[in-house]
Amino acid sequence: MNYRNFFFFFFCSFFIFSAIALPFNQIPNPTGYVSDFVQVLSVQEKQSLENQLRLLDQNTTVELAVVLIDSTENMPIEQYAFDLGNQWKIGKKDVFNGVLVLIAVNDRKWFIAAAKGMEGTLPDLAVHSIGEEYFPENFRSQNYFQGISLAVQDMERYIQNDPTIVSKYS
């Protein structure tokens, strides 16, 4: 490989990587179980969801994170969710029991990503159905808390019935 080809390859690779990584440079570290980077939840709503998700973690060891962002910057929301979940390391690594609820408010898109260990408990069809039941109508009326809270309650019912996703307690 000559130098011209090397630099062209390097420049193209750097440009592509930078374009893909751009949205993650704009998102700070998680702020808890609920990371509302667009402030669509009130302080009380966020605290209520935090309490609900902390209790879920304490009772089942499942880490469920809710992330509200402005936009995925044209990245497919599924890819954005999986990349974010991997970056933040959601779930316990011995059983891979993380769940990420990602909502891109201005894109009007949402996605629920369940980690590998959750596939039997929360299969793709189940999380998609849960989202479809609670998100569109509530989000259209700007009632993000209602939609998220109901979806989390529904997922909790699935989670509480499966002892195989429980991590080893310290």
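Refer to the structure presented above.
Residues numbered from 1 in each chain as written. Predicted model: local features only at pLDDT ≥ 70, side-chain atom pairs only at ≥ 80, totals over all residues. Heavy atoms only, no water.

### Points about helix α4 (residues 124–140)
Under the 1.5 Å per step criterion, the end-to-end length of α4 is 23 Å for 17 residues, consistent within 8% with the ideal 24 Å. At glutamate 132, α4 is deflected by roughly 30°, the largest bend along its length, and proline proline 136 occurs up to four residues later in sequence. Three or more residues of α4 are buried, namely Ala126, Val127, Ile130, Gly131, Tyr134, Phe135, Asn138 and Phe139. Looking at the buried residues of α4, the elements they touch are β3 (98–104), β4 (109–114) and α5 (144–159). Looking at the residues trailing α4, positive phi occurs at glutamine 142, about 65°. (Helix = DSSP H or I, 4+ residues; strand = E, 2+ residues; numbered from the N terminus. Expected span 1.5 Å × (residues − 1). Bend = angle between axes of the 7 residues up to and from the residue. Buried < 20%, exposed > 50% of the residue type's maximum accessible area, 1.4 Å probe, protein only. Contact = heavy atoms within 4.5 Å.)

### Some words on the nonpolar core
Residues Leu64, Ile103, Leu122, Phe135, Ile148 and Met155 are the most contacted members of the largest nonpolar core, which totals 32 residues. Of all elements in the fold, only α2 (43–60), β2 (63–69), β3, β4, α4 and α5 reach the threshold of two or more residues within this core. Here the element with the most residues in this core is α5; it accounts for 7 residues. Excluding its chain neighbours within four sequence positions, the residues that come into contact with phenylalanine 135 are Val101, Trp110, Ile112, Gly147, Ile148 and Ala151. By size, the runner-up hydrophobic cluster in this structure holds 15 residues, among which are Ala65, Tyr80, Leu84 and Trp88. (Core = buried A, V, L, I, M, F, W, Y, C linked by side-chain atoms within 4.5 Å.)

### Regarding unusual backbone geometry
If you check the backbone angles, glutamine 39 has positive phi at about 50° while not being a glycine. Mapped onto the elements, glutamine 39 comes out in the loop between β1 (34–36) and α2. Glutamine 39 gets classed as exposed once you look at its relative accessible area, which sits at 63%. For asparagine 74, which is not a glycine, the phi torsion comes out positive at approximately 70°. Inspection of the secondary structure puts asparagine 74 in the loop between β2 and α3 (77–88).

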